[in-house]
Amino acid sequence: MKDRALVLGGGGVAGIAWMTGLLFGLSEQGVDLGAAEMIVGTSAGSAVAAQLGSALSPQELFDRQVNPAQQTRELAPSAHLFGLLERTLLQVNNTPDRGEQTRLIGRWALDAPTVTEEERRSVVAERLPSHAWPNRMLLIVAVDAETGEIKIFDRLSGTTLVDAVSASCAVPGIWPPVTIDGRRYMDGGARSSDNADLALGYARTVIVSPMGTSRPMVMGDRLEQQVETLISAGTKTYLVEPDEASKNAIGLNPLAPETRIPAANAGRSQGHAIGEDLYRFWTLP
């Protein structure tokens, strides 16, 4: 069994900021989660994972979240789309078949009146300090919007890093599905906000989940079920979800760009608070 895996889950721009702050705070405590043999990134987690492969330090990545002069451009999604998505999810929740649920979400994603793929891709490209795949096992999770099947991109998949992250971050109905090799892909969160079960086969796994277990599930498999799957397979797991201060900083709309500074600072503080405990789990034999 391989040793260490890191799972980074979805959670919008606030989730990116919170995870970036958390990883910086942990690094200040001597914990380098970026040293994992494998990283699984979904949605916001894919953007953070991709940035871990750049030449920037945790401090520099943190500064890009909290320093307005260094923040990258973000689009504010239309409030009208949120209302439409809410109604779609109500319809989805009344559909018992899991596969059909995902396909319904995909149909909505394909039909929704979002910004263009090009406009959205340019925002994701600006987020990433490097557009080269890191020389490590990085799995970026998306979902085929037509079939509902999971799609995993890595450095051997022949897909650019920007396209893979754009696909994984394509929140259904809010951002456009991404076209790759003639297929349209939407947010990996349509399967699971974290996709932690992809870390099967590793001795210990840290799951960093901006959505956590306390938020209502709107789509995809429950995180608790995936943690149970890992534990049953013999994987030691350490789940990090937002503490109370971080939940307040992330707020009710994690896609809002103004959440970045408070979420990053709250994440850093939480990293300081759990650093000693996580150091023992991650570093000691």
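Above this text sits the structure in question.
None of the values given here were measured: they were computed from a predicted structure.

(A) Fine view of the nonpolar core. Formed by 50 residues in total, the largest nonpolar core has its most connected members in Leu33, Phe153, Val165, Val206, Val208 and Leu278. Here the element with the most residues in this core is helix α1 (residues 12-28); it accounts for nine residues. Dropping the residues within four chain positions of it, Val165 is found in contact with Ser46, Ala47, Ala50, Val124, Leu128 and Ile140. Counting 20 residues, the second-largest nonpolar core is a separate cluster that includes Leu89, Trp108, Ala109 and Ala190.

(B) Broad picture of the environment of Thr102. Positionally, Thr102 belongs in helix α5 (residues 98-111). Given a relative accessible area of 6%, Thr102 falls into the buried group. Here the alpha-carbon distance between Thr102 and Gly275, two residues 173 residues apart in the chain, equals 37 Å. Beyond its immediate sequence surroundings of up to four residues, Thr102 is in contact with Val143, Gly148, Met186 and Ala190.

(C) Local environment of the packing of helix α4 (residues 79-93) against α5. Orientation of α4 relative to α5, taken along the N-to-C sense of each, is 155°, at an axis distance of 10 Å. Of the possible angle classes, the one that applies to α4 and α5 is roughly antiparallel. The element α4 and its partner α5 pack so that their crossing is right-handed. When α4 is examined against α5, the residues Leu81, Leu84, Leu85, Thr88, Leu89, Gln91 and Val92 are found in contact with a partner set consisting of Gln101, Leu104, Ile105 and Trp108. Class assignment for the residues of the contact of α4 with α5 results in eight nonpolar, three polar and no charged.

(D) Representation of the environment of Trp133. Inspection of the secondary structure assignment puts Trp133 in the loop between α6 (117-127) and β3 (137-144). Taking the relative accessible area as the measure of exposure, Trp133 reaches 18% and is therefore buried. The spatial distance from the C-alpha of Trp133 to the C-alpha of Asp154 is 7.9 Å, given a sequence separation of 21 residues. Apart from the residues within four sequence positions on either side, Trp133 is in contact with Leu138, Ile140, Phe153, Asp154, Arg155, Thr159, Thr160, Leu161 and Ala164.

(E) Region of the structure containing the packing of aromatic side chains. All told, the structure shown has three aromatic pairs when counted by the stated rule. Aromatic pair Phe153 and Tyr185: ring centres 5.5 Å apart, planes at 85°, arrangement edge-to-face. Taken as a pair, Phe153 in strand β4 (residues 150-153) and Tyr185 in strand β6 (residues 183-187) lie far apart in primary sequence, 32 residues in all. Residue classification places Phe153 among the buried positions, given a relative accessible area of 1%. Given the relative accessible area of 7%, Tyr185 is considered buried. Summarising the aromatic geometry, the rings of Tyr238 and Phe281 are spaced 5.4 Å apart at their centres and angled 55° between planes, so their arrangement reads as tilted. Highlighted residues: Tyr238 in strand β8 (residues 236-240) and Phe281 in helix α10 (residues 260-283), separated in sequence by 43 residues. You'll find Tyr238 and Phe281 in the same group, each marked buried. Between the NZ or CZ atom of Arg4 and the centre of the ring of Trp282, over which it lies, the distance is 4.8 Å.

(F) Expanded view of the environment of Glu244. Locating Glu244 in the fold gives a position in helix α9 (residues 244-250). Taking relative accessible area as the criterion, Glu244 reaches 54% and is therefore assigned exposed. When the C-alpha positions of Glu244 and Ser209 are compared, they lie 14 Å apart, and in sequence the two are 35 residues distant.

(G) Local environment of the pairing of strand β7 (residues 202-208). Extensive coverage of β7 is indicated by the burial of six of its seven residues. Across five bridges, β7 lies against β8 in parallel orientation. Bridged to Val208 within β8 is Val240.

(H) Local environment of the pattern of salt bridges. Taken as a whole and assessed by the stated rule, the structure comprises 16 salt bridges. Between Arg73 and Glu126 there is a salt bridge, with its nearest N and O atoms 3.0 Å apart. In this pair, Arg73 sits in the loop between α3 (58-66) and α4 while Glu126 sits in helix α6, placing the two residues 53 residues apart along the sequence. Given a relative accessible area of 36%, Glu126 falls into the partly exposed group. Between Arg184 and Glu117 there is a salt bridge; the shortest N-O distance is 3.5 Å. Here the residue Arg184 occupies a position in strand β6, and Glu117 occupies one in helix α6, the gap between them amounting to 67 residues.

About the cut-offs
Residues numbered from 1 in each chain as written. Predicted model: local features only at pLDDT ≥ 70, side-chain atom pairs only at ≥ 80, totals over all residues. Heavy atoms only, no water. Core = buried A, V, L, I, M, F, W, Y, C linked by side-chain atoms within 4.5 Å. Buried < 20%, exposed > 50% of the residue type's maximum accessible area, 1.4 Å probe, protein only. Helix = DSSP H or I, 4+ residues; strand = E, 2+ residues; numbered from the N terminus. Contact = heavy atoms within 4.5 Å. Axes fitted to C-alpha atoms, helices over the stretch in contact; angles between N-to-C directions. Parallel < 35°, antiparallel > 145°, perpendicular 65-115°, else oblique. Left-handed = near helix turned anticlockwise from the far one by under 90°. Nonpolar A, V, L, I, M, F, W, Y, C, P; charged D, E, K, R; others polar. Phe/Tyr/Trp six-rings, centres within 6.5 Å; stacked < 30°, edge-to-face > 60°. Lys NZ or Arg CZ within 6 Å of the ring centre and 35° of its normal. Pairing = 2+ DSSP bridges. Salt bridge = Lys/Arg side-chain N within 4 Å of Asp/Glu carboxyl O.

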